[in-house]
Amino acid sequence: QVQLVESGGGLVQAGGSLRLSCAASGRTVNYRVAWFRQAPGKEREFVAAQNWGGSSTYYAAPVKGRFTISRDNAKNTVYLQMNGLKPEDTAVYYCAADSRRVGTYTYWGQGTQVTVSS
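Residues numbered from 1 in each chain as written. Predicted model: local features only at pLDDT ≥ 70, side-chain atom pairs only at ≥ 80, totals over all residues. Heavy atoms only, no water.

Caption draft 1: Region of interest: the overall build of the protein chain. A count of helical and extended segments in the protein chain gives zero helices and eleven strands. Counting from the amino terminus, the protein chain carries its helices and strands in the arrangement β-β-β-β-β-β-β-β-β-β-β. Its C-alpha atoms give the protein chain a radius of gyration of 13 Å, within 12% of the compact-globule value 13 Å for 118 residues. Along the longest, intermediate and shortest principal axes, the C-alpha atoms of the protein chain span 40 × 25 × 25 Å. Looking at the protein chain as a whole, 45% of its 118 residues are labelled buried. In the protein chain, 54% of the contacts between residues at least 6 apart in sequence involve partners at least 24 apart. By element, 48% of the accessible surface of the protein chain is carried by carbon and sulfur atoms, the whole surface being about 6,200 Å². Between the centroid of the 13 positive side chains of the protein chain and the centroid of its 7 negative side chains there is a distance of 6 Å. (Helix = DSSP H or I, 4+ residues; strand = E, 2+ residues; numbered from the N terminus. Rg over C-alpha atoms; globule rule 2.2 N^0.38 Å. Buried < 20%, exposed > 50% of the residue type's maximum accessible area, 1.4 Å probe, protein only. Contact = heavy atoms within 4.5 Å. Areas by Shrake-Rupley, 256 points an atom, 1.4 Å probe, with all protein chains shown as cover. Lys, Arg positive; Asp, Glu negative; His and termini not counted. Charge placed at Lys NZ, Arg CZ, Asp CG, Glu CD.)

Written out as structure tokens, the structure reads:
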């Protein structure tokens, strides 16, 4: 069983940066990890992911070039560095993880709010 806890959200002006952290209770070295977000009145959407071995990363088109997903295996922590933030990035951000190489994500955090003001 893995528990995920996000942190690092907050209020930032457009053009600013934030780094979200997702701390795992157990070892997630060989887990797929991802970030999703959900804006008010919208469905949850994919933001970024890193594959099972950590060798590949994937980004949604709206964030590509601005966001970076990374992990520190020694700290069992996944990060989402967000630069050039826009008001449309405002959402609750969730991290997710799974031990399988493909498929849905089993473990989810509680979310952290990111608000970008114009």
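So, next bit.
Caption draft 2: Examining the packing of aromatic side chains more closely. A complete count under the given rule lists five aromatic pairs for this structure. With centroids separated by 6.4 Å and ring planes inclined at 35 degrees, the aromatic side chains of Tyr31 and Tyr107 adopt a geometry described as tilted. Here the residue Tyr31 occupies a position in the loop between strand S3 (18-24) and strand S4 (32-38), and Tyr107 occupies one in strand S10 (residues 107-108), the gap between them amounting to 76 residues. Among the residues examined, Tyr31 registers a relative accessible area of 16% and is labelled buried. Classification of Tyr107 by relative accessible area gives buried; the value is 16%. Ring centres of Phe36 and Phe46 lie 5.8 Å apart, and the angle between their planes is 75 degrees; on these two criteria the pair is classed as edge-to-face. Here the residue Phe36 occupies a position in strand S4, and Phe46 occupies one in strand S5 (residues 45-50), the gap between them amounting to ten residues. (Phe/Tyr/Trp six-rings, centres within 6.5 Å; stacked < 30°, edge-to-face > 60°.)

Caption draft 3: Region of the structure containing the sheet that holds strand S1 (residues 4-7). Spatially, four strands are ordered S1-S3-S8-S7 in an open sheet, and the strand pairing comes out antiparallel. The two strands at the open ends of the sheet, each matched to only one other strand, are S1 and strand S7 (67-72). Each adjacent strand pair in this sheet contributes to an overall mean axis angle of 15 degrees, direction not counted. Bridge analysis of S7 against strand S8 (residues 77-82) gives six bridges, and the strand direction is antiparallel. By the bridge assignment for S8, Ile69 is matched with Leu80. (Pairing = 2+ DSSP bridges. Axes fitted to C-alpha atoms, helices over the stretch in contact; angles between N-to-C directions.)

Caption draft 4: Seen up close, the nonpolar core. Counting residues in hydrophobic clusters, the biggest one holds 28 residues, and the most contacted among them are Leu4, Trp35, Val47, Phe67, Leu80, Met82 and Tyr93. The set of elements that each furnish at least two residues to this core consists of S3, S4, S5, S7, S8, strand S9 (91-98) and strand S11 (112-117). Apart from residues no more than four positions distant in its own chain, Phe67 is found in contact with Arg37, Val47, Tyr59, Leu80, Gln81, Met82, Asn83, Leu85, Asp89 and Tyr93. (Core = buried A, V, L, I, M, F, W, Y, C linked by side-chain atoms within 4.5 Å.)

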